[in-house]
Amino acid sequence: MDNKLNYKELSEDEHIKDKSDFLRGSIKASLKNPLTGALHPDDVMLIKYHGSYQQYDRDLESERKQKKLEPLFQFMVRVRAAGGITTPEQWLSLDELSDIHGNGTIKLTTRQSFQFHGILKRNLKSTIQAVNEVLLSTLATCGDVNRNVMCNPNPYQSPIHEEVYKLAGEISDYFLPKTTAYHEIWLDKEKVAGTPDFEPLYHNNYLPRKFKIAIAIPPNNDIDVFANDLGLIVIVENNKVKGFNICVGGGLGSTFGVQETYPRLADVIGFVPKEKVFEVAETVIAIQRDHGNRSDRKLSRLKHTIDDRGLEWFVEELQNRLGWNLSKPKSYHFKSNGDEYGWLKGINNKWFYTLFVEHGRVRDENDYQLKKALREIAKIHTGDFRLTGNQNLIIGNIEEDDKEGIEAILALYGVKNHPKLTGLRKSSMACVALNTCGLAFAEAERYLPSLIDKLDVIMRNNGLEKDEINIRMTGCPNNCTRSSLGEIGFVGRAVGRYNMYLGASHNGDRLNSLYKEMLSEEDILRELEPIIAAYSKDRLEEEHFGDFVIRKEIVEPTQRPLRVLN
Amino acid sequence: MELKKGLERGPFNDDQADKLSVALSGLDSGQLQWLSGYFAGLSQTSLTKTAAKSLPSGSDSTLVDEVKAETIHILFGSHTGNSEGLAKNLHARAEEMGIKAVISDMATFKTRELKSIKILAVIVSTHGLGEPPVQAEDFFNYLHSKKAPNLAHLQFSVLALGDSSYVDFCQTGKDFDAVLEKLGAQKVVPRQDCDVDYADEAKTWQQKFLNAIVQTNGQISAVQVKDLPNNLVNGTQYSRKNLFEATILEKINLNGKGSSKETIHLELDLEGSGIKYEPGDALGVYGANSPKLVQSVLESTNLSGKEEVETHEGNKTLYDALTYNYELTPLSKSTLSEYVELTGNNGLKKILEDKVAIQEYLSGRDILDLINEVPYKLSSKELISVLRKNTARMYSIASAQEVVEDEVHLLVSVVRYNAFGRNKEGLCSSTLADRLEVGDKVKIFVDKNTRFKLPKNSEAPIIMVGPGTGVAPFRAFMQQREVLERKGPSWLFFGDRNFTTDFLYQTEWQQYLKEGVLTKADVAFSRDQVQKHYVQHRMLENGKELFEWLEKGAHFYVCGDAKKMAKDVDIALKQIIQQQGGITIEKAEEYIKNLQISNRYQADIY
């Protein structure tokens, strides 16, 4: 480590990792303490590596405080499935778990994971056990390690999808932590005596911060490849995977008031043949392990490591460690970062149905019985379920003969046609935010649908109800729904107040720019109405909203464009 | 010149006296007075240090650190940790200057300490649209409530953190500033509002604040606490016969959202009453019947309520008498027999002859049921004559005066049930739950209980078993022990239905454990799992240790339900003594008897 810090300068989290005995901490004892629904503060940090966040119901915070009750502590449990694909059996099990221990809903995340919310401490272990029983896992879905590897879920376009999906799973598994703490704590496995823990890649203190990898198969960028620490763009020649363009240093999180933090897209630094991809990924992670900032967690993602020293330094360091040079990036073209809905036939002659799931929340609501519908489908389905990077769901690999039956179930439970599925709603994303996320300043998932209702009136008045404009809302600038890549992006500042950003591209390769701060709903509608009207009137053919606002100089283009090294 | 002559009489050489007279001439009395404080402060810090440094070697240099400045109390309300960081910073800087400083989080700050604080630094951030951070809410609300004390003895300054892109920039800091001033406290230096990039502004404020403390130090003692109104009892001795009307200061349903229970924490004001109580004592409280029930009784008896009747409190309308002076629920045996006497009803007569049948009949019924089942044309006088006089309900006191002073706290389980086709409620608990609010008054008296007291020896271990409202006196015990420097170990067994909603006083127990006032706690929540768990199960699980505590002289207390819980606890205790002591059941009973004789096994059950 060239920037080896003395112990005092390390952030609190580094100290906790250091003394955690490979992520064990005192989690076992914390789970048993009957006087609180919370964990010991150190374990709150460590349990992230095991796939859970300790949260509390923020709606009840003040009320419970007055009642002399501790906050209603509860746990979010995140389940990984490489590339976001699960079997019907797994789906049924997750569905049941959400009812038994969770709040009766499942959240499909923007990184192709499942989330349960509202799990009480006393049910945490049985929840994680049940997840493992159906061969899914929660290990390393959070924490300073590589997270699950995202991959375009839609195999209909290309014969190489299967190969790339498999690779995503392999990379995901390859970079899992090797500690046996997870199995001891949750699965009652005994630690084998005389076998010291060893983390060949992560070493004792893991990474300085989370690390995200995604693989995109052009022309689809639905997984937002440039938002990742390491992005891989598949390069195909003669219908075969030839290799990958390597993108490094993406990350959209920032902190209000801290200038040194900002959303950043990954830069395209070169091309590598496919057999070298593990070696490259491992080396990129190792550089971040050795050079990442471990004293200030706000400045500790790979993007900061690169910006502190320069992209050229990074490429040189990478090539030095590899002992060979990357080739120049190959050309690629992304069309969109959204999802295509409805029936599509794959090249394997099976059917795929992409279902709109508003902000990824699977639940039953009045006549829109999404959760029940999916449960019934899972009971007869012979294919799989695939999560998209946009919080939607693909019912995948449906036999021609089963198509009708599945459609009947969708119709029966009222989810075949979403009553308000306009172009805007289709392209919307929102994070969990209040009431469970501890970071949120404002509402997102619970609020965006009603804002879209109002925006849709404006869209309709301008004849744009079918137009897809990416609209993304997050409750805080950590940016889980990648609002920096929304053609319209909202970031929560306070309850009922949002910063509004405009001008991202429609395919995820340009960040948006700040338009105005601290807007109320009234402000948002007032500001957007004339812009939308102008877009309807003055746009060029095929011109996307994000491009339009840049051309019309409604906002300045981002100061941080994507770099491609040539 | 007067000035120079005066200086020459002081401990100065001519040169010093000259310089001083030049420097001081022309100052007005206000300025001079200010300087007197400044010099007093100066003499205790920098000058002392200079002097000490110049002392010949071998002299006692520990004097350097003994600065007699008033202690600064630093209170922070932090959400993200920035305020906390600044508070720690100020603390460190103050100590470097030789000023004693104490630091507290508003979240856990005990407001009674305000009385003894002379200098207060408040460092607080603002959240959302001008709201205090949750950690500061309690303290914030306290200062804005009726309970807020006079703070004339206190000097303060506020460092406010915020984000200027918000409209209500630093609002919480501004609010603290205003309320402290309103309560009589005086500003040492003006409030400093800081933006997101707060480091420089905070540092400036810190310097100004500490310098001012050093400078005004000499004057602090001159700031006299204004005399508070004297709490003389006006010669009145309040008692069971002469009830005090206490104002409700606070009323909180402690059960969380979704709970199947309703347990009310009440804080009553005793100020001016001269009433004294001890942990273990009970409070008698008078309730009033609900207007709905009174109205129904009047309708069933065809009376208007306007009839004048004679009560032990003099003549009143029937309506008022039924509301305040007589019990309409539950039905008592005396009322039943009076009614039978009056009506001569044969069916009821038979019931009255059978003890078991009486119990069965009375259970769940009230006077309205009786009148409706056996109608009789009652006059207003007759109605009153069958009714039982309103009696007080007794609640174990949940506070200690060492901590709450002129207050008394109660824990009241609200009784509601459905019987014989009607929703019914407890007379007193529903009065407190439904018909009285903060600011209203309630008639009370203290009921001494010498049979439920903390050990005289404050270092003796105590074991407290108090599920449900049975936990009330143990809160009083903890408050009493909290202020002691030396105290014995303590162990609480608490139980209720559900952990997330029914853990009464949860955060207080957690705090007591953290501070070591409470040594150990075990809890049982009966409805969180299929198998029902109760306090006695926790006792049995901990049998070995519990027996060790008894052997070390622990006092064992049980409070709460007499019908089932206290018996189960008694059985469990016996079983533990038998098993752990390796003795016969008879010997175990003898052991328990000895505990009782030596006052080491006390019960407050109902």
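What counts, and where the lines are drawn
Residues numbered from 1 in each chain as written. Chains lettered and ligands numbered in written order. Predicted model: local features only at pLDDT ≥ 70, side-chain atom pairs only at ≥ 80, totals over all residues. Helix = DSSP H or I, 4+ residues; strand = E, 2+ residues; numbered from the N terminus. Buried ≥ 20, exposed ≤ 12 C-beta atoms within 10 Å, placed from the backbone. Contact = placed C-beta atoms within 7 Å. Nonpolar A, V, L, I, M, F, W, Y, C, P; charged D, E, K, R; others polar. Pairing = 2+ DSSP bridges. Axes fitted to C-alpha atoms, helices over the stretch in contact; angles between N-to-C directions. Expected span 1.5 Å × (residues − 1). Arc of directions from axis to C-beta. Core = buried A, V, L, I, M, F, W, Y, C linked by C-beta atoms within 7 Å. Right-handed = clockwise from strand over helix to strand, strands pointing away. Left-handed = near helix turned anticlockwise from the far one by under 90°. pLDDT = per-residue confidence, 0-100.

Some points on the overall build of chain B
The helix and strand tally for chain B stands at 24 helices and 23 strands. Looking at the 606 residues of chain B, the share that counts as buried comes to 37%. A fraction of 75% describes how many contacts in chain B between residues 6 or more apart in sequence connect residues 24 or more apart.

Brief notes about the overall build of chain A
Of the regular secondary structure elements, chain A holds 17 helices and 22 strands. With the principal axes as the frame, chain A shows a C-alpha extent of 70 × 55 × 55 Å. Buried residues in chain A amount to 53% of all 566 residues. Contacts in chain A between residues far apart in sequence, at least 24 positions, make up 66% of those at least 6 positions apart.

Points about the interface of chain B and chain A
When the parts of a complex come together, some accessible area is lost, and that lost area is often taken as the interface size. Taken together, the contact between chain B and chain A spans 25 residues of the former and 22 residues of the latter. The set of elements that each furnish at least two residues to the side of chain B that touches chain A consists of α6 (134-143), β7 (244-253), α19 (499-502), α20 (506-515) and β21 (520-525) of chain B. Among the elements that take part in the side of chain B that touches chain A, α20 of chain B stands out by supplying 5 residues, more than any other. Tallied by class, residues from the side of chain B that touches chain A come to 12 nonpolar, 8 polar and 5 charged.

A closer look at the sheet that holds strand β20 (residues 488-494) of chain A
All names here are of chain A. Read across the open sheet, the 5 strands follow the order β18-β19-β20-β21-β22; overall the sheet is mixed. Both outer strands of the open sheet, β18 (428-430) and β22 (513-519), are each paired with one neighbouring strand and no more. The mean inter-strand angle of the sheet, taken between neighbouring strand axes irrespective of direction, is 15°. Bridge count between strand β21 (residues 497-502) and β22: 4 bridges; the pairing is antiparallel. When the sheet's bridge partners are listed, M500 is paired in β22 with K516. Each of β21 and β22 is contacted by helix α16 (residues 521-538), which is oriented at about 145° to β22, the strand it contacts most.

Here we look at the pairing of strand β17 (residues 393-398) of chain A
One face of the sheet, then the other: side chains in a regular strand alternate in exactly this way. All names here are of chain A. Within β17, 5 of the 6 residues are buried, which leaves the element mostly enclosed by the surrounding structure. Examined bridge by bridge, strand β16 (residues 384-387) and β17 share 4 bridges and lie antiparallel to one another. Following the sheet pairing, D384 is matched in β17 by G396. What sits between β16 and β17 in their antiparallel hairpin is a turn of 5 residues, with Q391 showing a positive phi close to 70°.

A word on unusual backbone geometry
Trans is the common state for peptide bonds, and a negative phi is the common state for residues other than glycine. Cis peptide bonds are those with omega within 30 degrees of zero, and the linkage from L434 of chain A to N435 of chain A qualifies with 15°. Topologically, N435 of chain A is positioned in the loop between β18 and α15 (448-461). The omega angle of the peptide bond from T329 of chain B to P330 of chain B is -10°, so this bond is cis rather than trans. Structurally, P330 of chain B can be placed in the loop between β12 (326-327) and α11 (333-343). For N366 of chain A, which is not glycine, the phi dihedral falls at a positive 50°. The topology assignment puts N366 of chain A in the loop between β14 (364-365) and β15 (368-369). With a phi angle near 50°, R482 of chain A is a residue other than glycine that sits in the positive phi range. Mapped onto the elements of the fold, R482 of chain A is located in the loop between β19 (471-474) and β20. Of the residues examined, R482 of chain A has 28 C-beta atoms within 10 Å and is grouped as buried.

Description of helix α5 (residues 82-96) of chain B
The periodicity of an α-helix, 3.6 residues per turn, causes residues three or four places apart in sequence to face the same way. All names here are of chain B. Helix length check: α5 (15 residues) gives 21 Å between terminal C-alpha atoms against 21 Å at 1.5 Å per residue, within 8%. For α5, every residue scored as buried is listed here: S83, L86, A87, L90 and A94. Down the axis, α5 shows its buried residues gathered within 105° of arc, on one side only. Set apart from the buried face of α5 by more than 90 degrees, the exposed residues are A92 and E96. Just past α5, the residue G98 takes up positive phi, approximately 85°.

Brief notes about the nonpolar core
One finds V149, V164, A168, I215, V234, V248 and I395 of chain A to be the most contacted residues of the largest nonpolar core, which totals 108 residues. Residues within four places of A168 of chain A in sequence aside, it is in contact with A82, G83, V149, C151 and I215 of chain A.

Quick word on the pairing of strand β2 (residues 101-105) of chain B
Residues and elements named next belong to chain B. Across 5 bridges, the pairing between strand β1 (residues 72-77) and β2 is parallel. Directly across from L75, in β2, lies its bridge partner S104. Following the chain from β1 across α5 to the adjacent parallel β2, one finds a crossover that is right-handed.

Brief notes about the sheet that holds β16 of chain A
The strand order β3-β16-β17-β12-β11 (chain A) describes an open sheet built from 5 strands, whose pairing is antiparallel. If you trace the sheet from one side to the other, it starts and ends with β3 (85-86) and β11 (342-345) of chain A, each paired once.

Concerning helix α22 (residues 543-551) of chain B
All names here are of chain B. Looking at α22, one finds that the buried residues are L546, W549 and L550. The buried residues of α22 occupy an angular sector of 100° when projected down its axis, which confines them to one face. Summarising the geometry of α22, the exposed residues directed more than 90 degrees from the buried face are K544 and E551. Lining the buried residues of α22 we find β19 (462-465), β20 (490-496), α21 (535-541), β22 (555-560) and α23 (565-581). Immediately beyond the C-terminal end of α22, within one or two residues, lies G553, with a positive phi of roughly 95°.

Describing the packing of helix α5 (residues 88-100) of chain A against helix α12 (residues 370-380) of chain A
Residue and element names in this part refer to chain A. Running from amino to carboxyl end, α5 crosses α12 at an angle of 145°, the nearest separation of the two axes being 9 Å. Between α5 and α12 lies a crossing of left-handed hand. Taking contact as the criterion, the partners of P88, W91, L92 and D95 in α5 are, on α12, K371, L374, R375 and A378. Tallied by class, residues from the contact of α5 with α12 come to 5 nonpolar, no polar and 3 charged.

Side note on the packing of α23 of chain B against helix α24 (residues 585-597) of chain B
Residues and elements named next belong to chain B. With their axes 9 Å apart at the nearest point, α23 and α24 run at an angle of 120° to one another. Regarding α23 and α24, the two cross each other, and that crossing is right-handed. When α23 is examined against α24, the residues L573, K574, I577, Q578 and G581 are found in contact with a partner set consisting of I585, A588, E589, Y591 and I592.

Overview of the confidence of the model for chain B
Residues and elements named next belong to chain B. Confidence in the prediction of chain B, expressed as mean pLDDT, is 87, and 88% of residues score 70 or more. Predicted confidence for residues 44-67 stays below pLDDT 50, and this span has 18 contacts to residues more than four positions away or in other chains. The low-confidence segment residues 218-234 (pLDDT under 50) makes 18 contacts with residues lying over four places distant or belonging to another chain. Scored by ipTM, the complex comes to 0.89, with pTM at 0.82.

As for the environment of D43 of chain A
Residue and element names in this part refer to chain A. Among the secondary structure elements, D43 is positioned in helix α3 (residues 41-46). Considered as a pair, D43 and I458 are 415 residues apart in the sequence and their alpha carbons are 48 Å apart. If we skip the residues at most four places from it in the chain, D43 touches G25, S26, I27 and S30.

A word on the environment of Q55 of chain A
Residues and elements named next belong to chain A. Position of Q55 among the secondary structure elements: in strand β1 (residues 52-56). Along the sequence, Q55 and H117 sit 62 residues apart, while their C-alpha atoms lie 8.9 Å from each other. Here Q55 is in contact with Q74, F75, M76, T436, C437 and G438, once residues within four sequence places are set aside.

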